[in-house]
Amino acid sequence: MASNFRSYIWDPILIVSQIALMQCIYYSFLGLWLAGVDSLVQSSRSLDQIFSYEVLGFATLQGRLSMMAFILNSLTCALGLWFFIRRGKQCLDFTVTVHFFHMIGCWIYNSHLPAALSWWLVNVACMALMAVIGEYLCMRTELRAIPVNSGPKSNL
């Protein structure tokens, strides 16, 4: 007889809803981080900070602060992976999916693929951070010891 421990059933509705949830977490927290960074330097908020390739750069203070917001966002998204995905094996899949959809959104917003090296570096670094930290947190939870009650049994 086959074991039912960790049996998985293909559930496309669950997967699609988890992808949508992670996209919502990604853009919500990115917006919050960018708003926090903008309030520090009294800068105006715009969609260019999220979707434009030219904003992320090492040359300007606004570009460096935007990169910092993207990196902080990858940490909060790793927590989202831990709370909502809960499987270390799926963290890389969901991370790549979130960033792929972000790239598609940037492509649509700018009408061309990114040409800025800084955009690619920031997004690859954010993908690596989000996947590794999310996987670490999920694996730590998965490998937690299962408590076994070894006390005396009564009323048998």
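The protein goes by Protein SYS1-like protein in an unreviewed UniProt entry, where it is assigned to Nibea albiflora.

A. Structural context of the packing of aromatic side chains. All told, the structure shown has seven aromatic pairs when counted by the stated rule. With centroids separated by 5.4 Å and ring planes inclined at 80°, the aromatic side chains of Tyr53 and Trp119 adopt a geometry described as edge-to-face. With Tyr53 in the loop between α2 (48–51) and α3 (61–85) and Trp119 in helix α5 (residues 117–142), the pair connects residues that are 66 residues apart, well separated along the chain. Summarising the burial analysis for this pair, Tyr53 and Trp119 share the class buried. Following the ring pairs from residue to residue traces out a cluster consisting of Tyr26, Tyr27, Phe51 and Tyr109.

B. Expanded view of the side chain of Arg87. Among the secondary structure elements, Arg87 is positioned in the loop between α3 and α4 (91–110). Judged by its relative accessible area of 16%, Arg87 falls in the buried class. At 3.0 Å, the side chain of Arg87 and the side chain of Glu142 are in polar contact.

C. Representation of the packing of helix α1 (residues 12–41) against α3 within the structure. α3 packs onto α1 with a crossing angle of 145° between their chain directions and a minimal axis gap of 8 Å. Between α1 and α3 lies a crossing of right-handed hand. When its residues are assigned to classes, the contact of α1 with α3 shows 20 nonpolar, six polar and one charged.

D. Representation of the pattern of salt bridges within the structure. Inspection of every chain in the model, using the stated rule, returns one salt bridge. A salt bridge links Glu142 to Arg87; the shortest N-O distance between them is 3.0 Å. With Glu142 in helix α5 and Arg87 in the loop between α3 and α4, this residue pair connects regions lying 55 residues apart in the sequence.

E. Local environment of the environment of Asp93. Topologically, Asp93 is positioned in helix α4. Given a relative accessible area of 48%, Asp93 falls into the partly exposed group. Separated by 38 residues in sequence, Asp93 and Ala131 place their C-alpha atoms 8.5 Å apart.

Cut-offs and rules
Residues numbered from 1 in each chain as written. Predicted model: local features only at pLDDT ≥ 70, side-chain atom pairs only at ≥ 80, totals over all residues. Heavy atoms only, no water. Phe/Tyr/Trp six-rings, centres within 6.5 Å; stacked < 30°, edge-to-face > 60°. Helix = DSSP H or I, 4+ residues; strand = E, 2+ residues; numbered from the N terminus. Buried < 20%, exposed > 50% of the residue type's maximum accessible area, 1.4 Å probe, protein only. Polar contact = N/O pair within 3.5 Å; in protein donor to acceptor, adjacent residues only side chain to side chain. Axes fitted to C-alpha atoms, helices over the stretch in contact; angles between N-to-C directions. Left-handed = near helix turned anticlockwise from the far one by under 90°. Nonpolar A, V, L, I, M, F, W, Y, C, P; charged D, E, K, R; others polar. Salt bridge = Lys/Arg side-chain N within 4 Å of Asp/Glu carboxyl O.

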